[in-house]
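Reading the structure
Given next are the chains, with one letter for each unit.
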Amino acid sequence: MLTVLYPWQTSLWQQLCQQLQTNRLPHALLVSGVKGLAKNSFAQHIVASVLCLNRCDDQSSCGHCHSCKLLNAGSHPDHIEIRPEEIGKQIKIDQIRNLRDKQQLTPSVSKWKTIIISPADNLNVSSSNSLLKLLEEPQHNTVLILITSRPQKLPITVKSRCQNYHLASPPSEQASDWLEKYAENKVDTETLAKLLQLAKGAPLAVVDMLNCNMAEQYLQVEEDFKSILQNSANPIALTATWLKYDLVMVLNQLQYMIRDHMIKSFENLPKIPAGQAKISLYWQISDCIVGVIKLVSSQTNINNTLLIEDFIVSVMRIVNSKTTN
Ligand SMILES: [Zn+2]
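Residues numbered from 1 in each chain as written. Predicted model: local features only at pLDDT ≥ 70, side-chain atom pairs only at ≥ 80, totals over all residues.

1. Examining the overall build of the chain
On a plain count of helices and strands, the chain comes out with 14 helices and 5 strands. Projecting the C-alpha coordinates of the chain onto the three principal axes gives extents of approximately 75 × 40 × 35 Å. Residues counted as buried form 32% of the 325 residues belonging to the chain. Excluding contacts between residues fewer than 6 apart, the proportion of contacts in the chain whose partners are at least 24 apart in sequence is 75%. (Helix = DSSP H or I, 4+ residues; strand = E, 2+ residues; numbered from the N terminus. Buried ≥ 20, exposed ≤ 12 C-beta atoms within 10 Å, placed from the backbone. Contact = placed C-beta atoms within 7 Å.)

Encoded structure:
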């Protein structure tokens, strides 16, 4: 496993290098940022460097010392990774208790011991409490890295004991350049910009989208939304199409599109005095979208077919009332 550093990670990496060089490495790091910024890969890069016995001048791991070889083989005795036993499940208290036992040991190959917990927002209440005890009694030669795309889900007590390493999405130009260079599935610049917006600027999330033909889906939803705003959509047929997609993704896209409509109306206000009515129409639609996103994300038992049909009908009603007034 050769670790790589992505261009949007370099400034955070430099910050860490300074801490490494001056022996001021924090005992706990919280690596956060939206999905698709390669947070796990960044954490692996840190681990490889911290454990390496013969670091390069730029503080990266050498790739061929005893420690690097063990890490590449996945059998480094001084490194532990804690992940849910099944995807999407919680990290159990026993996993953290085992960690506390192992943490008492001294490192056997490297000068440091490293621990990755990912995704840290999958810790439940009892495993978080157990982890807290570990954070309260830090060992001087241990680096613990928590990874999350939902830091708001972590207890404040845990967060406050970690140094925050927030990975920001790169500027859109840098992200587009990177995607044009490295993404295997290409789309036109305009579609790429829209997908980047939907992915909150995370290039690797766009790569995933391109790999599962999300560009086609994006354009389809765009057309569908136009037909809703023109009052010519068939709610039942449209719902059937949307339910085949990732619903949260569709709704996020609608939110971005309505926001774009609002921005355009605001810009045109001096030229089109009736624009104010349009803006209030878009606000009402935006409220509908936010309401549906909340319901869909609440993970309660909701009939999505009825919910989306009702949403489309409501939006068409709003459009109709504004155009007939
Ligand atoms: Zn090495």
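2. A look at the environment of Val296
Within the secondary structure, Val296 is located in helix 13 (residues 275-297). Judged by C-beta crowding, with 18 C-beta atoms within 10 Å, Val296 ranks as partly exposed. Taking C-alpha positions, Val296 is 9.4 Å from Leu251, a pair spaced 45 residues apart along the chain.

3. Brief notes about the sheet that holds strand 2 (residues 79-82)
If you trace the 5 strands from one edge of the open sheet to the other, you get 2-3-4-1-5, paired in parallel fashion. With one partner strand each, in any of the chains shown, strand 2 and strand 5 (163-166) form the two edges of the open sheet. Across this sheet, the average inter-strand angle for adjacent strands is 20°, counted without regard to direction. Sheet topology places strand 1 (residues 28-32) next to strand 4 (residues 142-148); 5 bridges connect them, and they run parallel. By the bridge assignment, Leu30 is partnered in strand 4 with Leu146. Seen against the sheet, helix 2 (residues 39-51) touches strand 1, strand 2, strand 3 (113-117) and strand 4 and runs at an angle of roughly 175° to strand 4. (Pairing = 2+ DSSP bridges. Axes fitted to C-alpha atoms, helices over the stretch in contact; angles between N-to-C directions.)

4. A short note on the domain arrangement of the chain
By a frequent convention, interface size equals the accessible area lost on bringing the separate parts together. Each domain of the chain was delimited in the assignment, giving domain 1 (7-166) and domain 2 (213-324). The straight-line distance from the C-alpha centre of domain 1 to that of domain 2 is 41 Å. (Domains from an automatic or database assignment.)

5. Comments concerning the confidence of the model for the chain
Detailed reading of the predicted coordinates is not advisable wherever pLDDT falls low. Model confidence for the chain is summarised by a mean pLDDT of 90, while 98% of its residues fall at 70 or above. The weakest mean pLDDT in the chain belongs to helix 4 (residues 93-103) at 86; the strongest belongs to strand 1 at 97. (pLDDT = per-residue confidence, 0-100.)

6. Considerations on the nonpolar core
Judged by nonpolar contacts, the single largest core of 73 residues is most densely connected at Leu29, Val31, Ala43, Ile145, Leu146, Leu195 and Ala199. Ranked by residues supplied to this core, first place goes to helix 2 with 7 residues. Counting the residues that make up this core, at least three belong to each of domain 1 (7-166) and domain 2 (213-324). (Core = buried A, V, L, I, M, F, W, Y, C linked by C-beta atoms within 7 Å.)

7. Examining the packing of helix 7 (residues 172-182) against helix 8 (residues 189-198)
For the pair helix 7 and helix 8, interaxial distance at closest approach is 11 Å and the crossing angle is 115°. For helix 7 against helix 8, the interelement crossing comes out right-handed. Contacts between helix 7 and helix 8 pair Ser172, Ala175, Ser176 and Leu179 from the former with Leu192, Ala193 and Leu196 from the latter. Taken together, the residues of the contact of helix 7 with helix 8 sort by class into 5 nonpolar, 2 polar and no charged. (Left-handed = near helix turned anticlockwise from the far one by under 90°. Nonpolar A, V, L, I, M, F, W, Y, C, P; charged D, E, K, R; others polar.)

8. Some remarks on helix 10 (residues 214-229)
The end-to-end C-alpha distance of helix 10 is 22 Å, a good match for the 22 Å that 16 residues give at a rise of 1.5 Å each. Those residues of helix 10 that fall on the buried side of the exposure criterion are Met214, Gln217, Tyr218, Val221, Phe225 and Ile228. Relative to the axis of helix 10, the buried residues are bounded by an arc of 100° and lie together on one face. Away from its buried face, by an angle of more than 90 degrees, helix 10 presents the exposed residues Glu216, Glu223 and Lys226. Two residues or fewer past helix 10, Asn231 is found with a positive phi of approximately 65°. (Expected span 1.5 Å × (residues − 1). Arc of directions from axis to C-beta.)

9. Points about the pairing of strand 3
When a strand is regular, its side chains alternate between the sheet's two faces. The buried count for strand 3 comes to 5 of 5 residues, which makes it a mostly enclosed element. Neither face of strand 3 is open: one carries Lys113, Ile115 and Ile117, the other Thr114 and Ile116, and all of them are buried. Following the backbone out of strand 2, through helix 4 and into the adjacent parallel strand 3, one traces a crossover that is right-handed. Bridge count for strand 3 against strand 4 is 5 bridges, and the pairing is parallel. When the sheet's bridge partners are listed, Thr114 is paired in strand 4 with Val143. Assessed by its sense of winding, the connection that carries the chain from strand 3 through helix 5 (residues 125-136) to strand 4 is right-handed. (Right-handed = clockwise from strand over helix to strand, strands pointing away.)

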